[in-house]
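Chain and residue survey
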Amino acid sequence: MGWNGVKNGELLKLMITDGFHVLITFDKNLQFQQNFAKYTLPIIVLNAFDNTYLALKELIPKLYCC
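Residues numbered from 1 in each chain as written. Predicted model: local features only at pLDDT ≥ 70, side-chain atom pairs only at ≥ 80, totals over all residues. Heavy atoms only, no water.

Within the protein, the secondary structure is distributed over three helices and two strands. Mapped from its N terminus to its C terminus, the protein presents α and β elements in the order α-β-α-β-α. With the C-alpha coordinates of the protein rotated into their principal frame, the extents come out at 30 × 25 × 25 Å. In the protein, which comprises 66 residues, the proportion classed as buried is 20%. Summed over all atoms, the accessible surface of the protein reaches about 5300 Å², with 57% contributed by carbon and sulfur. With 6 positive and 5 negative side-chain charges, the protein shows a separation of 4 Å between the mean positions of the two kinds. (Helix = DSSP H or I, 4+ residues; strand = E, 2+ residues; numbered from the N terminus. Buried < 20%, exposed > 50% of the residue type's maximum accessible area, 1.4 Å probe, protein only. Areas by Shrake-Rupley, 256 points an atom, 1.4 Å probe, with all protein chains shown as cover. Lys, Arg positive; Asp, Glu negative; His and termini not counted. Charge placed at Lys NZ, Arg CZ, Asp CG, Glu CD.)

The structure is reproduced here in structure tokens:
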């Protein structure tokens, strides 16, 4: 999308404008950096030891659980 370097608040606005449905991130500090109440985009924060493919692969089934 060419959004490298875009800061979190602007990223959320771009995602909403472009029709994204959810943000999935590893950034546990995002909740302290942004006021989520002003965005309509759901945000899922993954909790893993690292952000490698193997760690991500283990979390994917949990995203579909509900």
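Residues three or four positions apart in an α-helix share a direction because the helix packs 3.6 residues into each turn. Among the residues making up helix H1 (residues 8–17), those that are buried are Gly-9, Leu-12 and Met-15. Seen along its axis, H1 keeps its buried residues to an arc of 125°; they face one direction. If you follow the buried residues of H1, they end up packed against strand S1 (23–25) and strand S2 (43–45). Looking one or two residues past H1, Gly-19 carries a phi angle of roughly 85°, positive in sign. (Arc of directions from axis to C-beta. Contact = heavy atoms within 4.5 Å.)

Bringing the nonpolar core into the picture now. The biggest cluster of nonpolar side chains holds seven residues, and these are Trp-3, Leu-12, Met-15, Leu-23, Leu-30, Tyr-39 and Leu-41. Setting aside residues up to four positions removed in sequence, Leu-30 forms contacts with Asn-8, Leu-23, Thr-25, Phe-36 and Ile-43. (Core = buried A, V, L, I, M, F, W, Y, C linked by side-chain atoms within 4.5 Å.)

Residues Val-22, Ile-24, Ile-44, Ile-60, Leu-63 and Tyr-64 make up a contiguous nonpolar surface patch of roughly 520 Å² in combined accessible area. Of note, Val-22 is situated in the loop between H1 and S1. Overall, Val-22 belongs to the partly exposed group, its relative accessible area being 31%. (Patch = residues over 30% accessible without salt bridge, like charges linked within 9 Å, V, L, I, M, F, W, Y side chains within 5 Å. Salt bridge = Lys/Arg side-chain N within 4 Å of Asp/Glu carboxyl O.)

For the rest of this paragraph, the subject is the side chain of Gln-34. Tracing the backbone shows Gln-34 in the loop between helix H2 (30–33) and S2. With relative accessibility at 18%, the residue Gln-34 sits in the buried group. If near-sequence neighbours (up to four positions away) are discounted, Gln-34 is found in contact with Asn-8, Gly-9, Leu-12 and Tyr-39.

Before going further, it helps to examine the confidence of the model for the protein. Confidence in the prediction for the protein averages 85 pLDDT; 97% of positions are at 70 or higher. In the model of the protein, H2 stands out as the element of lowest mean pLDDT, 82, in contrast to H1, which has the highest, 88. (pLDDT = per-residue confidence, 0-100.)

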